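Each chain is listed here by its residues.
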Amino acid sequence: MMANSVNGVPPLAQGELVTVVGGAGFIGRYVVQALARAGCRVRAVSRHADSALFLKPLGDLGQIQVVSGNITSDADMAAAFAGAAAGVNLVGILAESGSQRFDSLQAEGAGRAARAAAAAGARSFVQVSAIGADAGSPIAYARSKGEGEQAVLAAFPGATILRPSLVAGPEDQFFNRFAGMARIAPFLPAISGSSLFQPVYVHDVADAVLAALNNPAARGQTYELGGPDVLSFTAILQMISDLTGLDRPVVPLSDFTSGLLAKLGDVLPFMPMNSDQLAMLKKGNIVGPGRPGLADLGVTPTPLAAFVPAMLERFRRGGRFAKAA
């Protein structure tokens, strides 16, 4: 039987090695922790291993190995997956910068990681993509994510594709970015304010990765991951304003103004979004009707009320320990 056959693949055993490419990223640290708690050995791959050493205390002594590796290198991926029973690819970027390009990382890189996992004899592989991934999309981000899914399945037909909505958690770049903006700006700009999001807790995404690696029924399947709350962009900004106690008004922006700000975001990294992100925002970011999701992987979605208030405490006037008004 081929190591990556879809049927009859046993779950991970205690002590088996799982390679996590992008293990030092926002989602990666939670995936590494979930795997370590499940008793796996973890090889976390990062472009700069020295900056990923914070992962090692998430497991027992010697359980988590941190190695340098670039998803654009065949040799690095071959070394990263040597001896691995399973693999996870989390590499992704929200905006292009310098040598960090959508095609090389999210399309070609994803396929390269999956080929290395298959060549190493891994039994299972999880590709973390995004809702809206579409190889035919005119939006570069969505197109590269879709092409990455195709490349992964071509190399590893039994791979599981996970497409999360907006991933929320202590280190995220959405709730934290807009809460930080609320501290210094007189208002919060609602760009395409009616667009819908279905934020998913980062711990739930990590649990979904672990479940997909262990569930033979998940082989070759695609899951869309969203939390129990579906909110407009305007409603999320209002939540941020209320929970931080900063009481910033949420101001809807016209399409013209939104487009202008997005174009500025193409060249200025501190802007709230760029043109690609605006185009994705207008399409919405919720789980499609009837799509398999967290529940199908045995994961109970966590509501925003269970973690966002505590997460935003530090943005209150006077800091985390200031009394709420």
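Residues numbered from 1 in each chain as written. Predicted model: local features only at pLDDT ≥ 70, side-chain atom pairs only at ≥ 80, totals over all residues. Heavy atoms only, no water.

### A word on the overall build of the protein chain
Next, step 1: Of the regular secondary structure elements, the protein chain holds 10 helices and 13 strands.
Next, step 2: The C-alpha atoms of the protein chain give a radius of gyration of 20 Å, which matches the 20 Å a tight globule of 325 residues would have.
Next, step 3: Summarising its shape, the C-alpha atoms of the protein chain cover approximately 60 × 45 × 40 Å along the three principal directions.
Next, step 4: Across the 325 residues of the protein chain, 54% fall into the buried class.
Next, step 5: Here the contacts in the protein chain between residues at least 6 apart in sequence split such that 76% fall between residues at least 24 apart.
Next, step 6: Carbon and sulfur atoms make up 56% of the accessible area of the protein chain, which totals about 14,000 Å².
Next, step 7: Separation of charge centres in the protein chain, based on 26 positive and 24 negative side chains, amounts to 4 Å. (Helix = DSSP H or I, 4+ residues; strand = E, 2+ residues; numbered from the N terminus. Rg over C-alpha atoms; globule rule 2.2 N^0.38 Å. Buried < 20%, exposed > 50% of the residue type's maximum accessible area, 1.4 Å probe, protein only. Contact = heavy atoms within 4.5 Å. Areas by Shrake-Rupley, 256 points an atom, 1.4 Å probe, with all protein chains shown as cover. Lys, Arg positive; Asp, Glu negative; His and termini not counted. Charge placed at Lys NZ, Arg CZ, Asp CG, Glu CD.)

### Quick word on the sheet that holds strand β1 (residues 17-21)
Next, step 1: Overall, parallel pairing links the seven strands, which are arranged β3-β2-β1-β4-β5-β6-β11 in an open sheet. The open sheet has two edge strands, β3 (64-68) and β11 (222-225), and neither has a second partner. Neighbour-to-neighbour, the strand axes of this sheet turn through a mean angle of 20°, independent of strand direction.
Next, step 2: Looking at chain direction, strand β5 (residues 124-128) and strand β6 (residues 160-164) are connected through three bridges and run parallel. Its bridge partner lying in β6, V128 is registered against L162. (Pairing = 2+ DSSP bridges. Axes fitted to C-alpha atoms, helices over the stretch in contact; angles between N-to-C directions.)

### A word on the environment of S137
Next, step 1: Tracing the backbone shows S137 in the loop between β5 and α4 (140-155).
Next, step 2: Exposure remark for S137: the relative accessible area of 6% places this residue in the buried category.
Next, step 3: Between the C-alpha atom of S137 and that of R183, which follows or precedes it by 46 residues, the distance is 36 Å.
Next, step 4: When residues no more than four places from it in sequence are discounted, the contact partners of S137 are A142 and R143.
Next, step 5: Within polar-contact distance, the side chain of S137 engages the backbone nitrogen of I139 at 3.0 Å. (Polar contact = N/O pair within 3.5 Å; in protein donor to acceptor, adjacent residues only side chain to side chain.)

### Comments concerning unusual backbone geometry
Next, step 1: The phi angle at S192 is positive, at roughly 50°, despite the residue not being glycine.
Next, step 2: Mapped onto the elements of the fold, S192 is located in the loop between β8 (188-190) and β9 (196-197).
Next, step 3: S192 sits in the buried class, given a relative accessible area of 17%.
Next, step 4: With phi around 50°, D247 is a residue other than glycine that occupies positive phi space.
Next, step 5: When you line up the elements, D247 lands in the loop between α7 (233-244) and β13 (250-252).
Next, step 6: Assessed through its relative accessible area of 56%, D247 is described here as exposed.

### Focus on the nonpolar core
Next, step 1: Ranked by internal contacts, the top residues of the largest apolar core, which has 75 residues, are F175 and L297.
Next, step 2: Excluding residues that lie within four positions of it along the chain, F175 makes contacts with L166, A168, P199, I236, M239, I240, L304, V308, M311 and L312.
Next, step 3: If you look at the next biggest cluster of nonpolar residues, it comprises 30 residues, including V21, I93, A110 and Y141. (Core = buried A, V, L, I, M, F, W, Y, C linked by side-chain atoms within 4.5 Å.)

### A closer look at the packing of helix α2 (residues 74-81) against helix α3 (residues 102-119)
Next, step 1: Running from N to C, α2 and α3 cross one another at 45°; their axes reach a closest spacing of 8 Å. What the angle tells us is that α2 and α3 run oblique. Our pair here, α2 against α3, has a crossing hand that is right-handed. Along its contact with α2, which presents D74, M77, A78 and F81, the element α3 presents R112, A113, R115, A116 and A117.
Next, step 2: Class assignment for the residues of the contact of α2 with α3 results in six nonpolar, no polar and three charged. (Parallel < 35°, antiparallel > 145°, perpendicular 65-115°, else oblique. Left-handed = near helix turned anticlockwise from the far one by under 90°. Nonpolar A, V, L, I, M, F, W, Y, C, P; charged D, E, K, R; others polar.)

### Remarks on the pairing of β1
Next, step 1: With five of five residues buried, β1 lies mostly within the body of the structure.
Next, step 2: A two-sided burial pattern is seen for β1, the buried positions comprising L17, T19 and V21 on one face and V18 and V20 on the other.
Next, step 3: Two elements, β1 and strand β2 (residues 41-46), share five bridges in a ladder whose sense is parallel. Residue pairing in the sheet places T19 in a bridge with R43 of β2.
Next, step 4: Since β1 and β2 lie parallel, the crossover through helix α1 (residues 26-37) that links them has a hand, and here it is right-handed.
Next, step 5: Strand direction decides the pairing type here: β1 and strand β4 (residues 86-89), joined by four bridges, are parallel. Across the sheet, V20 pairs through a bridge with V88, a residue of β4. (Right-handed = clockwise from strand over helix to strand, strands pointing away.)

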